[in-house]
Amino acid sequence: MMSDPNGKEIAQAVLEKMDEFRHACEGLDEESSSRVPEDRWSPKQIISHLCGPEGIGHLPGLKAFLEKDTPQLDIVPENPYWTGGRSRMKLFELLAQFTKEYTDIAAFIEGLSGEQLSRKARIPMLKGSDIGEYPT
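So, a few notes on the structure that sits alongside this text. (Residues numbered from 1 in each chain as written. Predicted model: local features only at pLDDT ≥ 70, side-chain atom pairs only at ≥ 80, totals over all residues. Heavy atoms only, no water.)

## Topic: unusual backbone geometry
Of all residues except glycine, most have a negative phi; of all peptide bonds, most are trans.
Part 1 of the reasoning: The backbone of Asp-39 shows a phi angle near 60°, a positive value even though the residue is not glycine.
Part 2 of the reasoning: Position of Asp-39 relative to the elements: it lies in the loop between α2 (30-34) and α3 (43-51).
Part 3 of the reasoning: Even without a glycine there, the phi angle at Tyr-81 is positive, about 55°.
Part 4 of the reasoning: Within the fold, Tyr-81 resides in the loop between α4 (59-67) and α5 (84-87).
Part 5 of the reasoning: We classify Tyr-81 as buried; its relative accessible area is 18%. (Helix = DSSP H or I, 4+ residues; strand = E, 2+ residues; numbered from the N terminus. Buried < 20%, exposed > 50% of the residue type's maximum accessible area, 1.4 Å probe, protein only.)

So this is what it looks like as structure tokens:
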């Protein structure tokens with residue numbers, strides 16, 4: 001990654017990855033996006049997972065870095081957050097929710113200072129990973 005990233009650079013990277021993901025979804029139709037391969041998630045479930053908990057999203061977890069000293073964030077990687085409401089959504093609706101989530105995340109990150117970006121949280125699930133248990 002960047003040697004000394006700033007909020008604007010990180011926000012831009014988030015928006016670029018969001019656009020890449022949306023582009024990758026362009027060939028999907030309702031039928032193929034709802035198909036659940038054995039022991040896997042459907043494309044719509046993957047989008048749901050990326051959106052985070054319904055009605056909440058991932059932004060509160062990011063804001064916790066600023067609101068608390070080394071907050072513990074318990075990430076559940078195997079949770080697609082596939083709710084009844086989301087199961088009734090069309091692909092374009094899920095993609096709109098995904099776009100809003102990551103646009104909001106980018107807007108939040110864009111205004112952060114270097115000091116704010118260097119704050120840490122404890123994420124036990126990441127212990128032993130390259131990122132480590134105390135990511136910034």
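## Brief notes about helix α6 (residues 91-110)
Part 1 of the reasoning: Between its first and last C-alpha atoms α6 spans 28 Å; for 20 residues at 1.5 Å apiece the expected length is 28 Å, and the two agree.
Part 2 of the reasoning: Taken together, the buried positions of α6 are Leu-91, Leu-94, Leu-95, Phe-98, Glu-101, Tyr-102, Ile-105, Ala-106, Phe-108 and Ile-109. Considered in projection along α6, the buried side chains sweep an arc of 160° and stay on one side of the axis. Across α6 from its buried face, at more than 90 degrees, point the exposed residues Phe-92, Lys-100 and Ala-107.
Part 3 of the reasoning: On the buried face of α6, the contacting elements are α1 (7-24), α2, α3, α4, α5 and α7 (114-117). (Expected span 1.5 Å × (residues − 1). Arc of directions from axis to C-beta. Contact = heavy atoms within 4.5 Å.)

## Topic: the nonpolar core
Part 1 of the reasoning: Val-14, Ile-47, Phe-98, Tyr-102, Ile-105 and Ile-109 are the most contacted members of the largest nonpolar core, which has 20 residues in total.
Part 2 of the reasoning: Elements with a minimum of two residues in this core: α1, α3 and α6.
Part 3 of the reasoning: Setting aside residues no more than four positions away along its own chain, Ile-105 makes contact with Val-14, His-58, Leu-59 and Leu-62.
Part 4 of the reasoning: Listed in part, the six residues of the second largest apolar core include Ala-64, Leu-73, Ala-121 and Ile-123. (Core = buried A, V, L, I, M, F, W, Y, C linked by side-chain atoms within 4.5 Å.)

## Things to note about the pattern of salt bridges
Part 1 of the reasoning: Overall, the coordinates contain six salt bridges when judged by the stated rule.
Part 2 of the reasoning: Note that Lys-17 and Glu-20 form a salt bridge whose closest N and O atoms lie 3.5 Å from each other. Pair noted here: Lys-17 and Glu-20 are both in helix α1, with a separation of three residues, about one helical turn.
Part 3 of the reasoning: For Glu-20, a relative accessible area of 47% gives the class partly exposed. (Salt bridge = Lys/Arg side-chain N within 4 Å of Asp/Glu carboxyl O.)

## Here's the deal with the layout of surface pockets
Part 1 of the reasoning: In this structure, the largest pocket encloses a volume near 1,500 Å³.
Part 2 of the reasoning: Contributing to the lining of the largest pocket are 41 residues, with Leu-62, Phe-65, Ile-75, Ile-123 and Thr-136 lying nearest its centre.
Part 3 of the reasoning: Breaking the lining of the largest pocket down by element, the ones donating at least two residues are α1, α3, α4, α6 and α7.
Part 4 of the reasoning: At six residues, α1 tops the list of elements feeding residues into the lining of the largest pocket.
Part 5 of the reasoning: Looking at the lining of the largest pocket residue by residue, the classes come out as 31 nonpolar, seven polar and three charged. (1 Å grid on protein atoms, 1.4 Å probe; cavity = no way out; pocket = protein on both sides within 12 Å on 5 of 7 lines; lining within 4 Å. Points joined across faces, edges and corners; volume = space filled by probe spheres on them. Nonpolar A, V, L, I, M, F, W, Y, C, P; charged D, E, K, R; others polar.)

## Describing the side chain of Arg-86
Part 1 of the reasoning: Assignment of secondary structure puts Arg-86 in helix α5.
Part 2 of the reasoning: One buried charged residue, Arg-86, remains without a salt bridge, the closest side chain of opposite sign being Glu-54 at 4.7 Å.
Part 3 of the reasoning: In terms of polar contacts, Arg-86 uses its side chain to reach the side chain of Ser-48, at 2.9 Å.
Part 4 of the reasoning: Other than its neighbours up to four places away in sequence, Arg-86 contacts Ser-48, Cys-51, Gly-52, Pro-53, Glu-54, Pro-80, Tyr-81, Leu-94 and Gln-97. (Lys, Arg positive; Asp, Glu negative; His and termini not counted. Polar contact = N/O pair within 3.5 Å; in protein donor to acceptor, adjacent residues only side chain to side chain.)

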